[in-house]
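# Architecture and fold: a report
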Amino acid sequence: MKRSQSASSMNSERDSETTFDEDSQPNDEVMPYSDDEMEDELDSRQPAVEPEQNRINREAEEKRESFKKDCSWQVKANDRHFHEQPQFKRTVFLCFKKSKYAGNAIKTYKYNPITFLPLNLFEQFKRAANFYFLVLLILQTVPQITTLSWYTTLVPLLLVLGITAVKDLVDDIACHRMDSEVNNRTCDVIRDGRFKNTKWKDIKVGDVIRLKKNTFVPADILLLSSSEPNSLCYIETAELDGETNLKFKMALEVTDRYLQEESAMADFSGLIECEEPNNRLDKFAGTLFWRNMSYPLDADKILLRGCKIRNTDFCHGVVIFAGADTKIMKNSGKTRFKRTQIDSLMNYMVYTIFVFLILLSAGLAIGHTYWEQQIGNSSWYLYDGEDYSPPYRGFLNFWGYIIVLNAMVPISLYVSVEVIRLGQSYFIDWDLQMYYAEKDTAAKARTTKLNEQLGQIHYIFSDKTGTLTQNVMTFKKCCINGQRYGACRDGSGQLQNHPEQVDFSWNMYADGKLSFYDHYLIEQIKSGKDPEIRQFFFLLAICHTVMVDVSDGQLNYQAASPDEGALVTAARNFGYVFLSRTQNTITISEMGIERTYDVLAILDFNSDRKRMSVIVRESEGNIRLYCKGADTVIYQRLHPGNLKREATEEALDIFANETLRTLCLCYKDISHDEFEAWNKKFMVASATITNRDEALDKVYEEIEKNLILLGATAIEDKLQDGVPETISKLSKAGIKIWVLTGDKKETAENIGFSCELLTDETTICYGEDISALLQTRLENQRNRAGSSTHSSLRMNEPFFQSGRDRALIITGSWLNEILLEKKKKKKKKLKLKFPKTAEEKQKQIENRRRAEANKEQQQKNFVDLACECKAVICCRVTPKQKAMVVELVKKYKKAITLAIGDGANDVNMIKTAHVGVGISGQEGMQAVMSSDYAFGQFRYLQRLLLVHGRWSYIRMCKFLRFFFYKNFAFTLAHIWYSFFNGFSAQTAYEDWFITLYNVMYTSLPVLLVGLLDQDVSDRLSLRFPGLYVLGQKDLLFNYRKFFVSLIHGIITSLIIFFIPYGAYLKTMGRDGEAPSDYQSFAVTTASSLIFVVNFQIGLDTSYWTFINAFSVFGSIALYFGITFDFHSAGIHVLFPSAFQFTGTAPNALRQPYLWLTMILSVAICLLPAVALRFLSMTVWPSESDRIQKNHKKYMAEEEQWKRRQSTFRRGVSGRRSAYAFSHQRGYADLIASGRSIRKKRAPLDAVLRHSVTEGRDAHGTS
């Protein structure tokens, strides 16, 4: 992998123990929360040198101020009326007030039975076209101006409103059901002194609740006690972050001792004062006041809504935040109204048609005024009994033409679009190739409004854990004493062509889930000849912080991270089984022999150390340190005489090239004297109150040196099936993929290589690399501001030279630094306040404006730089930062974005993007509930975009182009007719034809094209991703295409009007009658129009089915059937005023002359279209035309995707992942303190005596 010299040096700095100065450089390992941090939190991070007394006074003052300011949320346990006091109420409207504490019911629906009709009609009439037709309907009831019967508008309007209302009702009923399912879950709540089963929606702040194993937490609660020792509670946070590894919370010691019985819970009356509801998932600050004592609270004592109770029989807690106030809901961001780009364009086009219609009606009204003055007033036979002036008649005719030409604004357009989108959504739901059988999860279009937007995506923002990966770690290979294991080999060490899985049935403790193919390693373990192999697996079984419980005779491991669980499970399968532990001992089964070892110390992992160690006393009395960690830190601490150092390094390079997560194992023998001396320092550091972690790390460093290398492990962070292939296909489609994750930098980078987002040829830039680049660009832009045009042009020059693939990997801390999002500490000085002068105020405003301008320019520069990269990986980012990155790309690139994730930390990003996709089938469903589309695996994204998205875009564009065309062709005939009727707003067609034209005669063929048409098959769409570019460039529907449809409609209307007009002129029928009456002319023009429009859609159809053919010819047959019925004498007798074309169709259509006229009109309209289509396919064929032409050949050649092999170059790869134990420390403190070990509880009276003593001590010191 090629890197610049500066990048290499910075890389070595990152891996070394001496990291950047934290005051001047962002910390790559820290998850930034500056978007929510309070000022006192920011201040606490800033070291300051000040006099001791000043510091004491300042801290006391700040403590009082911050307590008043931040801890304004008060919760009284078992007291529901406490929150109804006036100080806890806020004004809702005028003098109406309600409690600021939210109820626990979740509401995502919009309507109820009372509000549905008025609210839905109000929303529908907010749409300009619907409101326009309502006004039109009112105008048609005014006799002086109406030129069409009222039913010509009422029937289509009712149809449109009805179909849309039914669709909205179905969607809202689904929301009601989902809300009901969540709100009606139950748990036990204290009521009248006893636990009673209560629905979630009835839970209030202050309630004491009991939760059982494998149930979800209904609200944010303070943990009071549990069935586990010391009131530990194990939880799974898949609902929040997609991670399935267990985390633990622990109650306060005082609540653990007192609050175990039901009666004690009912009597609990503690008062909790804490911060207001916020979105910080890993932070909490508060105080519990109880029995005249105060106890500090932090995030380790809080269970968040959406977590699942695991491995804990029951736990108790008091509700602090409920419903909309919970952290999971605060993180979900605002629900945004999403609309497609085509929707916006379509609305602008409808407004264009409005303006065109008004100008046209005004011009025709002026024409009528002129005609009245010149001809109408002097023609006695045209007198209608009204003495209106010509201008007034022109004014009335203006409204008459608004009514006549109303079809130019297509009322059925919106409902047709909704029907097409609904159908396309069902196609997504029914697609069996997007069905994930393992989890029984089908794809689901959770909205019907965004389908065609799927065909226009430019950027994809993806989460990592649970989205790209399965969050399942698997032991794949290892290197022991310089020898690599894990290839497909038989018992003698010979390579096998056909892999055969190792049988672990000889091991009674094997879990049966490990797939391993190297039989040679098993033979070596069984023989016991190689002591290094025994030491290797013994180290894996003993050097960890995993905890174990036994259920149904099976061992269940609880690990702080999936990596650690995978290694301990691997050792278990290979015969070295971790069985149990106490505070000071650990029991292991070594090839069937149980042995117990004394654990003298656990040196826990953290993100700076990148390693962990245990010191154990073996049965012979020897003391040995076992250590595992990232190769970059282990190699610095090895004894100089390690013989297998180079062979292990070569193995690490090979494992890294296979994108496996590597880890080095080593040990060291310690003398008794050395241990005793070190242990004294260790005890002193453990007892340190301030900077305890730093003191411990320093002591750990002293003992972890001169280590003997045993070997290395290689774990696969298992990707979901098909991820590399999907990313490759999407990249070929011109889509850029950004990964936004809360995981560590090394882990995220490793996954980037695994999924082939990064390759060995990619030049990687880090936050520190681009920070200076962006700063230089910003300074240059400031200097060039106001200079010549030539200088301003140079501002937009690219950041990188072309011809090389680049990727950006940036952490959340660097992101805040670069985007100027970092909060500044407010300097607290004693200042005399004077009123500001106008000049000072102006200067302050100017400085603020300049700072905002700089920030905006810097953000734009960052987006420009990032978009020049082939891939971007943002790691250690918060949910809010994920949404911010998406928002920046939307803002500065005007590009269509898609976000995909599986946890609650992805919800904000999913809601911010134009299209949000949730991965379902995992434990967490928050992302799915906030998404627009959901399916079970990341690989289905390529089918969603390249097949369904592209087809939906092509279909919608074709539908809209043709819809506008057929309406223009239909409506503009009235204008040509106006030149022959004195601009009197008389219609060129029969009223019923105008009513049914869009509803019945031409609706089905164009609807079916919008639903079923496809230029190439789904398999060819996936094989040729380049076809997707059409949608990204908006090539199929834009203003140019709109005006082409307008011109096509004008030409068609001219032909179908003037050819019959010329044919009728001075013509005699076969029976001696002139067929040139108005009604016969109207029927001939209408019939020609029906033929032309239906045959034209037939020509535009790429994918013919029986249904398409039936719709085209069926629509023509339906037109003639209805026309003959409406022109019959029988219906005229029943409704004489409504049906006035009696006998017209039978009389006119029996004339061969009229049929020849219609054939001529249709031929002249269609032959140029056929010729143009022929030329475009032969002379200027598109890529889809070429693929269509050769589709049989391509289908025959259909081949499986062959994944490109990575070439190995020794010593080049520097991407071995640091070991991802967890983002925080492991369980070492928990184990060493004995808090996780079951022991007998202290008697209650002893507890009470201890509490009283504490109280006296506290009063004495105060």
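Above this note sits the structure.
First, a word on what this report is: a plain description of the structure on this page. (Residues numbered from 1 in each chain as written. Predicted model: local features only at pLDDT ≥ 70, side-chain atom pairs only at ≥ 80, totals over all residues. Heavy atoms only, no water.)

A few words now on the overall build of the chain. Looking only at helices and strands, one finds 44 helices and 35 strands in the chain. Out of the 1262 residues belonging to the chain, those deemed buried represent 53%. Partitioning the intrachain contacts of the chain with sequence separation of at least 6 by distance along the chain shows that 76% fall at a separation of at least 24. Split by element, the accessible area of the chain, about 57,700 Å² in all, is 56% carbon and sulfur. (Helix = DSSP H or I, 4+ residues; strand = E, 2+ residues; numbered from the N terminus. Buried < 20%, exposed > 50% of the residue type's maximum accessible area, 1.4 Å probe, protein only. Contact = heavy atoms within 4.5 Å. Areas by Shrake-Rupley, 256 points an atom, 1.4 Å probe, with all protein chains shown as cover.)

Phi at Asn230 is positive, roughly 55°, even though this residue is not glycine. Tracing the chain through its elements places Asn230 in the loop between β7 (220-226) and β8 (232-236). Positive phi, close to 55°, is recorded for Asn481, a residue that is not glycine. Among the structural elements, Asn481 can be located in the loop between β18 (469-480) and β19 (483-485).

Position of Glu701 among the secondary structure elements: in helix α20 (residues 692-703). Take Glu701: its relative accessible area is 30%, and that puts it in the partly exposed class. Between the C-alpha atom of Glu701 and that of Leu603, which follows or precedes it by 98 residues, the distance is 9.9 Å.

With that settled, the discussion passes to helix α19 (residues 672-687). Across its 16 residues, α19 extends 22 Å between first and last C-alpha, which sits within 8% of the 22 Å expected from 1.5 Å per residue. Within α19, the full set of buried residues consists of Phe675, Trp678, Asn679, Phe682 and Ala685. The buried residues of α19 occupy an angular sector of 125° when projected down its axis, which confines them to one face. Of the exposed residues in α19, the ones pointing more than 90 degrees away from its buried face are Asp673, Lys680, Val684 and Ala687. Lining the buried residues of α19 we find β24 (593-603), β25 (611-617), β26 (623-629), β27 (661-670) and α20. (Expected span 1.5 Å × (residues − 1). Arc of directions from axis to C-beta.)

What the three strands build is an open sheet, ordered β9-β8-β14; its pairing is antiparallel. The open sheet is flanked by β9 (246-250) and β14 (308-310), the only strands paired with a single partner. Neighbour-to-neighbour, the strand axes of this sheet turn through a mean angle of 45°, independent of strand direction. With five bridges joining them, β8 and β9 adopt antiparallel strand pairing. Bridge pairing in β9 links Glu236 to Leu246. (Pairing = 2+ DSSP bridges. Axes fitted to C-alpha atoms, helices over the stretch in contact; angles between N-to-C directions.)

Here helix α27 (residues 879-893) contains 15 residues, and its C-alpha end-to-end distance of 21 Å stays within 8% of the 21 Å for a straight helix at 1.5 Å per residue. Of all the positions in α27, only Pro879, Gln881, Lys882, Ala883, Met884, Val885, Val886, Leu888, Val889, Lys890 and Tyr892 are classed as buried. For α27, the secondary structure elements touched by its buried residues are β17 (459-462), β29 (736-740), α25 (812-818), α26 (838-868), β33 (897-901) and α28 (907-912). Phi turns positive one or two residues past the end of α27, at Lys894, with a value near 50°.

The pairing of strand β11 (residues 286-290) with strand β12 (residues 293-297) spans five bridges and is classified as antiparallel. Paired with Thr287 across the strands is Pro296, a residue of β12. Taking the residues between adjacent antiparallel strands as the criterion, β11 and β12 are bridged by two residues, where Arg291 takes a positive phi near 55°.

On the surface, Tyr348, Tyr351, Tyr1039 and Phe1043 cluster together to form a nonpolar patch covering roughly 420 Å² of accessible area. Of all the secondary structure elements, the ones that give two or more residues to the nonpolar patch are α11 (341-374) and α35 (1039-1064). As for its placement among the helices and strands, Tyr351 is situated in helix α11. (Patch = residues over 30% accessible without salt bridge, like charges linked within 9 Å, V, L, I, M, F, W, Y side chains within 5 Å. Salt bridge = Lys/Arg side-chain N within 4 Å of Asp/Glu carboxyl O.)

Tallied over the entire structure, the rule returns seven cavities of 30 Å³ or more. Around the second largest cavity, the lining comprises 15 residues; the ones closest to its centre are Pro156, Asn406, Ile411, Ile994 and Asn998. For the lining of the second largest cavity, the secondary-structure elements that each account for two or more residues are α6 (151-183), α13 (411-429) and α31 (991-1001). Element by element, the count of residues in the lining of the second largest cavity is highest for α31, at four residues. Of the residues in the lining of the second largest cavity, the class split is eight nonpolar, seven polar and no charged. (1 Å grid on protein atoms, 1.4 Å probe; cavity = no way out; pocket = protein on both sides within 12 Å on 5 of 7 lines; lining within 4 Å. Points joined across faces, edges and corners; volume = space filled by probe spheres on them. Nonpolar A, V, L, I, M, F, W, Y, C, P; charged D, E, K, R; others polar.)

So, about the packing of α11 against helix α30 (residues 940-978). Two packed helices can be described by the angle between their axes and the distance between those axes. Where α11 contacts α30, the axes come no closer than 13 Å and their chain directions differ by 5°. When the axes of α11 and α30 are compared, the pair comes out roughly parallel. Here Ile342, Met346, Met349, Ile353, Leu360 and Leu364 of α11 come into contact with α30, specifically with Tyr953, Met956, Cys957, Leu960, Phe964, Phe968, Leu972, Ile975 and Ser978. Considered class by class, the residues forming the contact of α11 with α30 number 14 nonpolar, one polar and no charged. (Parallel < 35°, antiparallel > 145°, perpendicular 65-115°, else oblique.)

Quick look at the sheet that holds β33 now. Overall, mixed pairing links the nine strands, which are arranged β16-β35-β34-β33-β17-β29-β32-β31-β30 in an open sheet. Looking at the sheet topology across the chains shown, the edges are occupied by β16 (444-445) and β30 (763-766). In this sheet, β29 lies alongside β17 in parallel orientation, the contact comprising four bridges. By the bridge assignment, Tyr459 is partnered in β29 with Lys736.

Right, let's talk about the nonpolar core for a bit. Of all hydrophobic cores here, the largest spans 104 residues; its most connected members are Val409, Leu413, Phe959, Leu960, Tyr989, Phe993 and Leu1089. Tallying contributions element by element places α30 first for this core, with 18 residues. Every residue in contact with Phe959, bar those within four places of it in the chain, is listed here: Leu413, Ser416, Val417, Ile420, Val1006 and Gly1010. (Core = buried A, V, L, I, M, F, W, Y, C linked by side-chain atoms within 4.5 Å.)

Moving on to the environment of Asp598. With respect to the element layout, Asp598 can be found in strand β24. Along the backbone, Asp598 and Thr585 are 13 residues apart, and their C-alpha atoms lie at a distance of 4.5 Å. If sequence neighbours within four positions are ignored, Asp598 has contacts with Asn584, Thr585, Ile615, Val616 and Arg617.

Right, let's talk about the packing of aromatic side chains for a bit. For the coordinates displayed, the defined rule picks out 64 aromatic pairs. Ring plane angle 40° and centroid distance 5.9 Å describe the contact between Phe1091 and Phe1095, whose orientation is recorded as tilted. Pair noted here: Phe1091 and Phe1095 are both in helix α36 (residues 1078-1100), with a separation of four residues, about one helical turn. Judged by relative accessible area, which is 15%, Phe1091 ranks as buried. (Phe/Tyr/Trp six-rings, centres within 6.5 Å; stacked < 30°, edge-to-face > 60°.)

A separate point is the pattern of salt bridges. Inspection of every chain in the model, using the stated rule, returns 47 salt bridges. Note that Glu236 is salt-bridged to Arg310, the shortest N-O span being 3.4 Å. Note that Glu236 is positioned in strand β8 and Arg310 in strand β14, a separation of 74 residues in sequence. Taken individually, Glu236 and Arg310 each receive the classification buried, so the pair is uniform in this respect. One network of salt bridges, in which partners are shared, links Arg609, Arg611, Arg637, Glu701 and Glu704.

What follows deals with the pairing of β8. Where burial is concerned, most of β8 is hidden: five out of the five residues are buried. Burial of β8 is two-sided: the residues Leu232, Tyr234 and Glu236 facing one way and the residues Cys233 and Ile235 facing the other way are all buried.

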